[in-house]
Amino acid sequence: MRAVPIRFLCAAACVPLACLAAPQDAPPNAPPAQPTAPAPAQPPAAQTAQADIDPGAISALSAMGAYLRTLPSFEVVGRATTETVMDDGMKLQFDSTSNLKVRRPDRLQVDIANDRKQRQIFYDGKSVTVYGPRLKYYATVAAPPTLRETVDALGAKYGIELPLADLFYWGTEQAPVADIRAAHYIGPATVGSLKAEHYAYRQEGVDWQVWIQAGKTPLPLKLAITASAEPGEPTHTAWLRWNLAPRFTDATFSFRPPSGAMKIALQTADGKVASIK
């Protein structure tokens, strides 16, 4: 598990719509329903688990994921605070920013900055380039033809976890709802100047919250993830600002080495140098 288990958020969004739909009324001429045997009594643990799951909280995630998948392009700026727990229990906080420019199905540009490092990532549909502006080192490798495949490959082969990577997983088969142990609607809230709905969830080893914009654009505006299984239970919080009408060109996603930049090899997680394709 990573120190900040963002990817756990992905497990909450894949909700089969059929499971959320209310039963339909029987047609006027339908035969009377046949009596059925009473359902067997559920053990107390199962009853408690069901009581902890608010169907509306699960439905909200499904709607958010479905909406995100309709966006052909977007820019999202994330401002995050991450806690690190010292051996003596003292908590430290570190701030970071990330800026994602996305054009589906095969373009991505990311800027990441914190007190210790800066990184830029460019994906043009054919290759991925990782660039460190401070040292002017960059590495380019071949990439799969879609965003989701590329995000998967970066994590699996190079250990590179993109910030806000959950945006590419919510509402897909890689996000099983069965992992959720508790889901609650907390109530209306305000994030910045925007009205939102506040939800809270629990999974194995992690508690997390999401504030979803109210109305016709159910965007995640804020995320808070607490690693409950880790010593000191550190929390990661991110505030998101969206632009749903960005102006991108192909040059936005193409890397051009600046003067003095040096090309290096990108090492895989197993110590080798290879393409992620």
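Scroll up to find the structure.
Residues numbered from 1 in each chain as written. Predicted model: local features only at pLDDT ≥ 70, side-chain atom pairs only at ≥ 80, totals over all residues. Heavy atoms only, no water.

**Quick word on the pattern of salt bridges**
Charged atoms that come close allow side chains of opposite charge to pair. A full pass over the atoms with the stated rule returns six salt bridges. Glutamate 83 is paired through a salt bridge with lysine 91; the nearest N and O atoms lie 3.6 Å apart. You can call glutamate 83 buried: its relative accessible area is 17%. The partner of arginine 103 in a salt bridge is aspartate 250, and the shortest N-O contact between them spans 2.6 Å. Of this pair, arginine 103 sits in strand β2 (residues 91-103) while aspartate 250 is found in the loop between β11 (235-243) and β12 (262-263), placing the two residues 147 residues apart along the sequence. The class of arginine 103 is partly exposed, set by a relative accessible area of 24%. Residue aspartate 250 is classed as partly exposed on the basis of its relative accessible area, which comes to 46%. (Salt bridge = Lys/Arg side-chain N within 4 Å of Asp/Glu carboxyl O. Buried < 20%, exposed > 50% of the residue type's maximum accessible area, 1.4 Å probe, protein only. Helix = DSSP H or I, 4+ residues; strand = E, 2+ residues; numbered from the N terminus.)

**Comments concerning the packing of aromatic side chains**
Inspection of every chain in the model, using the stated rule, returns seven aromatic pairs. Note on tyrosine 185 and tyrosine 199: the rings are 5.2 Å apart at their centroids and 50 degrees apart in plane angle, and the pair reads as tilted. Taken as a pair, tyrosine 185 in strand β7 (residues 182-191) and tyrosine 199 in strand β8 (residues 194-203) lie far apart in primary sequence, 14 residues in all. Judged by centre distance (4.5 Å) and plane angle (20 degrees), the ring pair of tyrosine 201 and tryptophan 208 falls under stacked. Residue tyrosine 201 shares its accessibility class with tryptophan 208, and that shared class is buried. Its end group placed over the ring of tryptophan 239, arginine 79 keeps NZ or CZ at 4.5 Å from the ring centre. The lysine or arginine in question, lysine 222, covers the ring of tryptophan 211, its NZ or CZ lying 4.4 Å from the ring centre. (Phe/Tyr/Trp six-rings, centres within 6.5 Å; stacked < 30°, edge-to-face > 60°. Lys NZ or Arg CZ within 6 Å of the ring centre and 35° of its normal.)

**As for the sheet that holds strand β6 (residues 137-142)**
Pairing in this open sheet of twelve strands is mixed, and the strands run β7-β8-β9-β10-β11-β1-β2-β3-β4-β5-β6-β12 from one edge to the other. Only two strands of the sheet have a single partner each, and these edge strands are β7 and β12. As defined by bridge partners, strand β5 (residues 127-132) adjoins β6 across six bridges and the pair is classed as antiparallel. In the strand pairing of β6, valine 128 is matched with valine 141. (Pairing = 2+ DSSP bridges.)

**Remarks on the environment of threonine 150**
Looking at the secondary structure, you find threonine 150 in helix α4 (residues 147-158). On the basis of relative accessible area, threonine 150 is assigned to the buried category, the value being 1%. Put simply, threonine 150 and glycine 125 are 25 residues apart on the chain and 9.0 Å apart in space, counted from C-alpha to C-alpha. If near-sequence neighbours (up to four positions away) are discounted, threonine 150 is found in contact with Tyr123, Val128, Ala143 and Pro144. In terms of polar contacts, threonine 150 uses its side chain to reach the side chain of tyrosine 123, at 3.4 Å. (Contact = heavy atoms within 4.5 Å. Polar contact = N/O pair within 3.5 Å; in protein donor to acceptor, adjacent residues only side chain to side chain.)

**Looking at helix α3 (residues 55-69)**
The end-to-end C-alpha separation of α3 is 21 Å, in line with the 21 Å expected for 15 residues at 1.5 Å each. Taken together, the buried positions of α3 are Ala57, Ile58, Ala60, Leu61, Ser62, Met64, Gly65, Tyr67 and Leu68. N-cap assignment for α3: the residue whose side-chain oxygen lies 2.9 Å from the backbone N of glycine 56 is aspartate 54. (Expected span 1.5 Å × (residues − 1).)

**Side note on the nonpolar core**
Formed by 54 residues in total, the largest nonpolar core has its most connected members in Tyr201, Val210 and Trp242. The biggest single contributor to this core is α3, with seven residues. The residues touching tryptophan 242, leaving out its near neighbours within four places in the chain, are Leu68, Phe74, Glu75, Val76, Leu167, Leu219, Pro220 and Leu221. (Core = buried A, V, L, I, M, F, W, Y, C linked by side-chain atoms within 4.5 Å.)

**Points about unusual backbone geometry**
In this structure, the amide linkage connecting arginine 104 to the following residue, proline 105, adopts the cis form with an omega of 10 degrees. As for its position among the elements, proline 105 is in the loop between β2 and β3 (107-114). Despite not being glycine, lysine 136 has its phi angle at roughly 60 degrees, a positive value. You can see lysine 136 is positioned in the loop between β5 and β6. The phi dihedral of glutamate 233 is positive, around 45 degrees, even though this residue is not glycine. Mapped onto the elements, glutamate 233 comes out in the loop between β10 (220-226) and β11. Here glutamate 233 falls in the partly exposed class, since its relative accessible area comes to 40%.

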